[in-house]
Every structure is written in C-alpha cells, then in structure tokens.
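The primary structure of each chain is shown beneath.
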Amino acid sequence: MFRGSMVALITPMRADGSVDEKAFQDLVEWQIAEGTEGLIPVGTTGESPTLSHEEHKRVVEMCVEAAKGRVPVMAGAGSNSTAEAIDFAVHAKKAGADAILVVTPYYNKPTQEGMFLHFTAIADAADIPMFLYNIPGRSVIDMSVETMARLAKHRNIVGVKDATANLARPLHTKRACGEEFIQLSGEDHTALSFNAAGGVGCISVTANVAPRLCAEMHKAWRTGRVDEAMAIQDRLVPLHDALFCETSPGPVKYAASLLGKSTDHCRLPMAPIADSSKARVREAMVSVGLLN
C-alpha cells in the first residue's frame, strides 16, 4: 500500500497567506491523475510548523476527501509535544487517513529513550499505522537503528521515512527491523539508491511539480526497467538541485506557482526566495521539460 512515488504535499496559499482549499484539492486530483501513489499532507513541506492546529486538521480532512480512497493518505502528525502529536494522530484516524507520519521531536533534543517513549505513547493512543520520520537535519537528533528496532515491535509502527541521506542506513534498518518494515526515502536525490538498499519508495518534494516523471521512475525501477529508471533519475537531478537551493518549501512553492498550482507564498519565517533562486528554479523546470 505504501510504496513508489509519494508526495510531501505543499499547502497552497493565497497571496494573503490563507490556505487555498480549492487549490489544495485540485493539486491532490492532479497528483493522482499523474500517477502519484501516496499523499502526505501537512509535513514540513506542507508548512505544518506555521499552520494552526485547526488548519492542520482541515488540510488532512481535505486530502482524505479529495483522494476518495484511490491512493493512501499518510497524514503528518508530528510535534515536539507528545500530547499534541497524540491529538493530531487521533484526529487523522478519525478523518479517515490510512497512516500517520510522525517526525522525531525537534528542538527538545530527547534521548533515545525519550524518543522511544514518545513514539510508543502515540502508537498506543491512536490505532493507525505509523511511520517514523527521521530527519536529523531539521530535528537535530538522529534516531538510532537500535531505537527504531525497539519501536518496530509495536503493532502500529510499520515503517520509516528516512531523510538521513545515509545509504548504509537502510541496510542496517532492514537487518534490525525485518523485511516487513517499510522503508521510504525522504531524500529525492538518492531515491533509487535507497530502493536498491532496501527501500520501496520515496516521499518526495519534487513530485509536487514533476509527479508523472517521479511516478514513472519508481514504476520502471519496480518492474526491472533499471536503465529507464536511471535515465529519469538523471533527468531530474537539476530539478532536485534547484528545489533545494534554498530552504524547502520556498523553491518548490515557487515552482508550483509557475505551473499555476499555487501562489509562491510561504508563511514567515520562510522568506520569499531570491531572484537568483527563482531564475535557477525556472531554468531547471525548462530543462526537465515542465515549462516551455
């Protein structure tokens, strides 16, 4: 159910910063039509840190409503407060999400034991499949393979979004957590390499604007058309580079604006990207064939 090209959805906003509900649901519809195999609303790319709790929950509800069961919805439910994460997780279950994605607690810098207790409490409170989200670059802490193996024993904890960009990690995770533990890359550049090391897909930023190419790449890989998959990978590299030339989601929201999918508005403290970055994003979109 959770595999292939999955998208870490942006949250389209109007110029005044309000959530554009129609644009969001239109984006979901386009993603499904283009071949995206899973939807992840209100992650970091969806600006969850600056959405109110009410907005966060509404975006999850809109995603489930628009998806209509055609592809799975993995709702962002992370927080550096365990109680808040439980609230988001319980809501996601009630809203009809198929799974939740819960990031390692940022800023607090919990110990490995603290992380174990945090994720266990959430998994105990909400009877819904949970994916751990390990992203040291944003949360400062790195969940160890040993801690992940302890958590993988919980019936509700089924996989990980690994954004470490450490390609030895999925090898060790597979050995420690078992073949059934679902490993998804959280890093666009290394998606195929991650799959070769034990992964089954990628939760992608780039898929917001190149969903068909991302989907075709993963399907080619899965069906043994390795040369085709690698050719698409090579084609996408300049776009991956451009979409991370500044802190995400600034560049990808600008790219989405070029396609008419959203404005480029991000809520503060995310600043508008520089003109030089805009030029780089536009050039990459043209080179990949997404713009004339």
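Just above sits the structure.
All of the points below concern the structure found in this document. Here the structure is a predicted model, which is why all the values come from computation and not from measurement.

1. Quick word on helix α4 (residues 112–125)
Right, on to step 1. Relative to the 20 Å expected for 14 residues at 1.5 Å per residue, α4 spans 20 Å between its end C-alpha atoms, a close match to the ideal helical length.
Right, on to step 2. Considered for burial, the residues of α4 that qualify are Met115, Phe116, His118, Phe119, Thr120, Ile122 and Ala123.
Right, on to step 3. Buried residues belonging to α4 abut α3 (82–95), β4 (99–103), β5 (130–134), α6 (145–151) and β6 (157–162).

2. Looking at the nonpolar core
Right, on to step 1. Core analysis: the largest hydrophobic core is formed by 76 residues, its most contacted members being Leu39, Ile100, Met130, Leu132, Leu236 and Leu239.
Right, on to step 2. For this core, the element with the most residues is helix α2 (residues 53–67), which contributes seven residues.
Right, on to step 3. Ranked by size, the runner-up nonpolar core spans 14 residues in total, among them Ala8, Ile40, Phe131 and Ala163.

3. Some details on empty space enclosed by the protein
Right, on to step 1. Scanning all chains against the criterion turns up two cavities of 30 Å³ or more.
Right, on to step 2. Empty space within the largest cavity amounts to approximately 40 Å³.
Right, on to step 3. In this structure, the largest cavity is lined by Ala8, Ile40, Gly43, Thr44, Thr45, Leu101, Tyr133 and Lys161.
Right, on to step 4. Grouping the constituent residues of the lining of the largest cavity by class yields four nonpolar, three polar and one charged.

4. Things to note about unusual backbone geometry
Right, on to step 1. Following Ser248, the chain continues to Pro249 via a peptide bond in cis, the omega torsion being 15°.
Right, on to step 2. As for its placement among the helices and strands, Pro249 is situated in the loop between α10 (226–243) and α11 (250–258).
Right, on to step 3. In the segment running from Leu268 into Pro269, the intervening peptide bond is cis, with an omega of 15°.
Right, on to step 4. Of note, Pro269 is situated in the loop between α11 and α12 (275–288).
Right, on to step 5. Here Val42, not a glycine, exhibits a phi torsion of approximately 50°, which is positive.
Right, on to step 6. With respect to the helices and strands, Val42 occurs in the loop between β2 (38–40) and α2.
Right, on to step 7. Taking relative accessible area as the criterion, Val42 reaches 3% and is therefore assigned buried.
Right, on to step 8. One non-glycine residue with positive phi stands out, namely Val140, at about 80°.

5. A closer look at the layout of surface pockets
Right, on to step 1. For the largest pocket, the calculated volume is near 570 Å³.
Right, on to step 2. Where the lining of the largest pocket is concerned, the elements lending two or more residues are α2, α3, β4 and α5 (136–139).
Right, on to step 3. The dominant element in the lining of the largest pocket, judged by the number of residues it contributes, is β4, at three residues.
Right, on to step 4. Looking at side-chain class alone, the lining of the largest pocket contains 14 nonpolar, 12 polar and four charged residues.
Right, on to step 5. Of the volumes computed, that of the second largest pocket is approximately 360 Å³.
Right, on to step 6. Residues of the lining of the second largest pocket, tallied by class, amount to seven nonpolar, seven polar and four charged.

6. Structural notes on the packing of aromatic side chains
Right, on to step 1. A full pass over the atoms with the stated rule returns one aromatic pair.
Right, on to step 2. Here the basic side chain of Arg150 rests over the ring of Phe116, its NZ or CZ set 3.7 Å away from the ring centre.
Right, on to step 3. Here the guanidinium or amino end of Lys261 rests over the ring plane of Trp30, the centre of that ring lying 4.1 Å away.

7. Observations concerning the pairing of strand β7 (residues 182–185)
Right, on to step 1. Here β6 pairs with β7 via four bridges, running parallel. Across the sheet, Lys161 pairs through a bridge with Leu184, a residue of β7.
Right, on to step 2. Sheet topology places β7 next to strand β8 (residues 201–204); two bridges connect them, and they run parallel. If you follow Leu184 over to β8, its bridge partner there is Gly201.
Right, on to step 3. Crossover handedness for the path β7 to helix α8 (residues 191–196) to β8: right-handed.

Thresholds, definitions, all that
Residues numbered from 1 in each chain as written. Predicted model: local features only at pLDDT ≥ 70, side-chain atom pairs only at ≥ 80, totals over all residues. Heavy atoms only, no water. Helix = DSSP H or I, 4+ residues; strand = E, 2+ residues; numbered from the N terminus. Expected span 1.5 Å × (residues − 1). Buried < 20%, exposed > 50% of the residue type's maximum accessible area, 1.4 Å probe, protein only. Contact = heavy atoms within 4.5 Å. Core = buried A, V, L, I, M, F, W, Y, C linked by side-chain atoms within 4.5 Å. 1 Å grid on protein atoms, 1.4 Å probe; cavity = no way out; pocket = protein on both sides within 12 Å on 5 of 7 lines; lining within 4 Å. Points joined across faces, edges and corners; volume = space filled by probe spheres on them. Nonpolar A, V, L, I, M, F, W, Y, C, P; charged D, E, K, R; others polar. Phe/Tyr/Trp six-rings, centres within 6.5 Å; stacked < 30°, edge-to-face > 60°. Lys NZ or Arg CZ within 6 Å of the ring centre and 35° of its normal. Pairing = 2+ DSSP bridges. Right-handed = clockwise from strand over helix to strand, strands pointing away.

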